[in-house]
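Structural characterization, general
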Amino acid sequence: MAGSNRSASLKDTQRSIPIGTLAATLTTTGLYLVSVLLFGAVATRDKLLTDRLLTATIAWPFPAIIHIGIILSTLGAALQSLTGAPRLLAAISNDDILPVLNYFKVAEGSEPYMATLFTAFICMGCVIIGNLDLITPTVTMFFLLCYSGVNLSCFLLDLLDAPSWRPRWKFHHWSFSLLGASLCIVIMFLISWSFTVVSLALASLIYYYVSIKGKAGDWGDGFKSAYFQLALRSLRSLGANQVHPKNWYPIPLIFCRPWGKLPENVPCHPKLADFANCMKKKGRGMSIFINILDGDYHERAEDAKAACKQLDTYINYKNCEGVAEIVVAPNMSEGFRGVVQTMGLGNLKPNIVVMRYPEIWRRENLKEIPGRFVGIINDCIVANKAVVIVKGLDEWPNEYQRQYGTIDLYWIVRDGGLMLLLSQLLLTKESFESCKIQVFCIAEEDTDAEGLKADVKKFLYDLRMQAEVFVIAIKSWDVQPENGSQPDESKEAFTAAQQRVADYLTEIKETAKKEGTPLMADGKPVIVNEQQVEKFLYTTLKLNSTILRYSRMAAVVLVSLPSPPVSHPAYCYMEYMDLLVDNLPRLLMVRGYRRDVVTLFT
């Protein structure tokens, strides 16, 4: 390996190193074999075992020539090591592989003085030990480790069919590399199993240190090719078949800036990554952070690259396992529609769309948000994606802010168990581990409350989930609010919503009458049934009042997300949602999709 260590001094490394290495190996092997024959011809076995300087004894013309040869040979080997080792140490330092070696960096073409002094210091320390038999196995182990590492690298690259692996030696085969690596390991154990174990442990520690502290170089990594091939095979084995609930994992698609109201240098809401980590057990799992830039792709391609880098930096800073994706589209709605259809591969497609609730839309009079909000939910329904909308993201706790109280679930529609699963995942986080789960089942007055409660308890028991169950009977939605049945703040919000909806409907009716067109909203025809609009408003009022009555102090509330009513204006649906989340500081609106995510089977 002396040629490789001094490769920077060679004119043509790709030609010189293979020829020099093979020639040196063949020459020294021939000399060693001849030496065995010559020694066997001139001395008996006992003489070979007892006379350690037999060569000097039989040398011609006098023994001193062998003594001089041994000294010169030793000095030559030492000088060779003192020439190659410092350059190797300086090369490792220049590549920033180990930050602790930064003191040995040198400019290109300069002599590595500091590395040479350090190498000489190590050599003198070994000489002072005064026992060559103690040092030799250690040095041998690391040489053999180096050789086995080179062989394993060649074996991996050849076995994985990496396109960049094109060895010039046409007789190369992966079996030679595997055989060489295996022989190195076997010889290590034959020399000393204790030294081998210590050497392998030390090499593993160095590798771990490099992987944690070292900087990535531009020379590639054989393990990355192995991971790539393993990922491809795993993806093929997953196929396109529906994953069993037992093997279901949430793969959230985090929509970073759906409403486009963050400072320009902030790629994502600071708490979105914290929430994404809450959807993973022990932080394991993949998240896809998506951002959409409005405009023409050819004009904004460079902006997209810069935004992707910025978003990736944010993900790494938040220690969130995820990838960043930036899409350029004519507008937000078209971009999201394309993303929700194409993002992911096979069964590794995202299955939950996560975004923050647009609390700013009325405060900043953003009239385009209701249409965009309803469009995103409808796109998720068509694409069969679950939806989680986070209200009160600014108050979402990080990993150091411990929460107490309850996690309350308002289970209104069957969602495949997604809401239950999310509550269990929240409990695995330190911030929520002290909380307890409460499940509130909403039923109408004539429902058998006790029977429903027993069924839900049995269901949760079979799912191995601990939760307290409550059944809340509510009068028919057609009944108008009674005095004293709702909190004052809810009644005020209800009255204000009624007035705003009435004003909006009057406005679009007048516009349609003036232009002589059908009733239009958000660029498409709508049907307005004012009685049904009133019914939806009252429904959300009753649910909001119920949540405030039972869960005002809850750590977090989860409630089923109602689907946007067909042919209703998006503005009306936005009013329904505003009334539902009113006065609730931290709320998750959850909509499952057409499949179960929990199973009764162990």
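First things first, this report covers the structure right here in the doc. (Residues numbered from 1 in each chain as written. Predicted model: local features only at pLDDT ≥ 70, side-chain atom pairs only at ≥ 80, totals over all residues. Heavy atoms only, no water.)

Structural notes on the overall build of the protein
The number of helices and strands found in the protein is 19 helices and twelve strands. Within the protein, the proportion of its 602 residues that are buried is 36%. Counted over contacts in the protein with a minimum sequence separation of 6, partners at least 24 positions apart contribute 78%. Put simply, the protein shows about 35900 Å² of open surface, and 60% of that area lies on carbon and sulfur atoms. (Helix = DSSP H or I, 4+ residues; strand = E, 2+ residues; numbered from the N terminus. Buried < 20%, exposed > 50% of the residue type's maximum accessible area, 1.4 Å probe, protein only. Contact = heavy atoms within 4.5 Å. Areas by Shrake-Rupley, 256 points an atom, 1.4 Å probe, with all protein chains shown as cover.)

With respect to helix α8 (residues 174-191)
In this model α8 runs 26 Å from its N-terminal to its C-terminal C-alpha over 18 residues, within 8% of the 26 Å that 1.5 Å per residue would give. Among the residues of α8, S177, G180, A181, C184 and M188 are the ones counted as buried. Each buried residue of α8 lies within a common arc of 95 degrees when the element is viewed along its axis, so the set occupies one face. Across α8 from its buried face, at more than 90 degrees, point the exposed residues L179 and L190. In the core, the buried residues of α8 are packed alongside α7 (132-159) and α9 (193-213). (Expected span 1.5 Å × (residues − 1). Arc of directions from axis to C-beta.)

Considerations on the sheet that holds strand β5 (residues 386-391)
With mixed pairing, ten strands are arranged side by side in an open sheet as β3-β2-β1-β4-β5-β12-β11-β6-β7-β8. With partners counted over all chains shown, the strands left at the sheet margins are β3 (322-329) and β8 (468-474), one partner each. The sheet shows a mean angle of 20 degrees between the axes of neighbouring strands, direction not considered. Note: strand β1 (residues 252-255) against strand β2 (residues 287-294), three bridges, orientation parallel. Each residue of the ladder has a partner; that of F255, found in β2, is I290. In the packing of helix α13 (residues 332-342) onto the sheet, contacts are made with β1, β2, β3 and β4 (352-356), and the angle to β2 comes to roughly 145 degrees. Here helix α15 (residues 418-427) sits on the sheet in contact with β4, β5, β6 (406-411), β7 (436-444), β11 (556-560) and β12 (587-591), set at roughly 175 degrees to β6. (Pairing = 2+ DSSP bridges. Axes fitted to C-alpha atoms, helices over the stretch in contact; angles between N-to-C directions.)

Concerning the pattern of salt bridges
Within this structure, the stated rule accounts for eight salt bridges. A salt bridge links D51 to K47; its shortest N-O distance comes to 3.9 Å. Here K47 falls in the partly exposed class, since its relative accessible area comes to 38%. (Salt bridge = Lys/Arg side-chain N within 4 Å of Asp/Glu carboxyl O.)

Looking at the packing of α13 against helix α14 (residues 369-382)
In contact at an axis separation of 10 Å, α13 and α14 are set at 15 degrees when each is read in the N-to-C sense. Between α13 and α14, the angle is such that the two are roughly parallel. Handedness of the α13/α14 crossing: right-handed. Across from M332, S333, F336, R337 and V340 in α13, the residues of α14 making contact are R372, I376, D379 and C380. Its residues assigned to classes, the contact of α13 with α14 comprises five nonpolar, one polar and three charged. (Parallel < 35°, antiparallel > 145°, perpendicular 65-115°, else oblique. Left-handed = near helix turned anticlockwise from the far one by under 90°. Nonpolar A, V, L, I, M, F, W, Y, C, P; charged D, E, K, R; others polar.)

Observations regarding the side chain of D274
Mapped onto the fold, D274 is located in helix α11 (residues 272-278). On the basis of relative accessible area, D274 is assigned to the buried category, the value being 15%. When sequence neighbours within four positions are dropped, the list of residues in contact with D274 reads K318, W396, P397 and N398.

A short note on the pairing of β5
Of all six residues making up β5, six are buried, and the element is well covered by its neighbours. The alternating pattern of β5 places A386, V388 and V390 and V387, I389 and K391 on opposite faces, both of which are buried. As paired strands, β5 and β12 are joined by five bridges and run antiparallel to one another. What sits directly across from V387, in β12, is R591.

Brief notes about unusual backbone geometry
With an omega of 10 degrees, the peptide bond running from W60 to P61 counts as cis. In this fold, P61 is placed in the loop between α4 (54-57) and α5 (64-94). Residues other than glycine seldom take positive phi values, yet N384 does so here, at roughly 60 degrees. As for its position among the elements, N384 is in the loop between α14 and β5. A relative accessible area of 25% places N384 in the partly exposed class.

What to know about the nonpolar core
The biggest cluster of nonpolar side chains holds 66 residues, and the ones touching the most others in it are F373, I389, M577 and M589. Here the element with the most residues in this core is helix α19 (residues 570-581); it accounts for ten residues. In this structure, M589 is in contact with Y357, V387, V388, I389, V559, L561, M577, L580 and V581, ignoring residues within four places of it in sequence. The next biggest cluster of nonpolar side chains, apart from the first, holds 54 residues, and it includes I254, L272, L393 and I437. (Core = buried A, V, L, I, M, F, W, Y, C linked by side-chain atoms within 4.5 Å.)

Digging into the environment of Q229
Relative to the elements of secondary structure, Q229 occurs in helix α10 (residues 222-238). For the pair Q229 and L160, spaced 69 residues apart in sequence, the C-alpha to C-alpha distance is 7.1 Å.

So, the pairing of β4
Within β4, five of the five residues are buried, which leaves the element mostly enclosed by the surrounding structure. Covered by surrounding structure in β4 are I352, V354 and R356 together with V353 and M355, the residues of both alternating faces. Note that β1 and β4 share three bridges and pair parallel. Bridging across to β4, P252 finds its partner in I352. As paired elements, β4 and β5 share five bridges and run parallel to each other. Paired with R356 across the strands is V390, a residue of β5.

Observations concerning a nonpolar patch on the surface
Among the surface-exposed residues, F118, F121, I122, M124 and I128 lie close enough to one another that they form a single nonpolar patch of about 570 Å² accessible area. In this fold, F118 is placed in helix α6 (residues 113-129). (Patch = residues over 30% accessible without salt bridge, like charges linked within 9 Å, V, L, I, M, F, W, Y side chains within 5 Å.)

Some remarks on the packing of aromatic side chains
Applying the stated criterion across every chain yields a total of 16 aromatic pairs. A ring pair is formed by F143 and Y147, whose centres lie 6.1 Å apart and whose planes are at 40 degrees; its orientation type is tilted. One end of the pair is F143 and the other is Y147, both in helix α7 and four residues apart, which spans about a single turn. On the basis of relative accessible area, F143 is assigned to the partly exposed category, the value being 45%. Looking at Y147, the relative accessible area reads 30%, which means it is partly exposed. (Phe/Tyr/Trp six-rings, centres within 6.5 Å; stacked < 30°, edge-to-face > 60°.)

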